[in-house]
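Spelled out, the chains give:
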Amino acid sequence: MLEIYQAEGCRYSAKVRQTLTDLGVSYVVHNPRSAAGETRNEQTYEQLRTLGGEDQIPFLVDHQRGATMYESDDIIAYLEEHYA
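Residue numbering note: each chain is counted from 1, following its sequence as written. Residue-level local features of this predicted model are given only where pLDDT is at least 70; pairs of side-chain atoms are given and counted only at 80 or more, and the full residue set underlies all totals for whole chains, interfaces and linings. Side-chain metrics rest on all non-hydrogen atoms present in the structure, leaving aside hydrogens and water.

**Looking at the environment of threonine 68**
Inspection of the secondary structure assignment puts threonine 68 in strand S4 (residues 67-70). Every residue in contact with threonine 68, bar those within four places of it in the chain, is listed here: Phe59, Leu60 and Val61. Each helix is a run of H or I in the DSSP string that is no shorter than four residues. Each strand is a run of E no shorter than two, and both are numbered from the N terminus. A contact between two residues is defined here by any heavy atoms of the two lying within 4.5 Å.

**Structural notes on the sheet that holds S4**
Strand pairing in a sheet relies on backbone hydrogen bonds. The paired strands run either parallel or antiparallel. A pair of strands counts as paired when DSSP detects no fewer than two bridges linking them. Taken together, four strands build an open sheet; the order of strands is S2-S1-S3-S4 and the sheet is mixed. At either margin of the open sheet sits one strand with a lone partner, and together these are strand S2 (28-30) and S4. Averaged over all pairs of adjacent strands, the angle between their axes in this sheet comes to 15°, without regard to strand direction. Bridge count for strand S1 (residues 2-5) against strand S3 (residues 59-62) is four bridges, and the pairing is antiparallel. If you follow tyrosine 5 over to S3, its bridge partner there is phenylalanine 59. Helix axes use the C-alpha atoms of the stretch in contact, all axes being lines fitted to C-alpha atoms, and the angles between their N-to-C directions lie in the range 0 to 180 degrees. Contacting S1, S3 and S4, helix H3 (residues 72-83) runs over the sheet at an angle of about 145° to S4.

**Some details on the side chain of histidine 30**
Structurally, the position occupied by histidine 30 is in strand S2. Sequence-distant contacts of histidine 30, that is, excluding residues within four places in its chain, are made with Glu3, Ile4, Tyr5, Gln6 and Thr44.

Shown next as structure tokens:
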């Protein structure tokens, strides 16, 4: 299962979502905070910080491969390598 911690209105999150859609990959989306940094969901915000250690979005969790990562370009390259 893939999970993406992201924010609506964040262009980097949008790039990752578009890649997931283009690849036809199912995923779960979490919106822990706004693109401006305002916490929207305390529970998912804490999960983001616990899993990745940073307050940075987008953040990908690939449970099947045991991978986690930040940076939209890195996430997109990873998705294209493993899910294209």
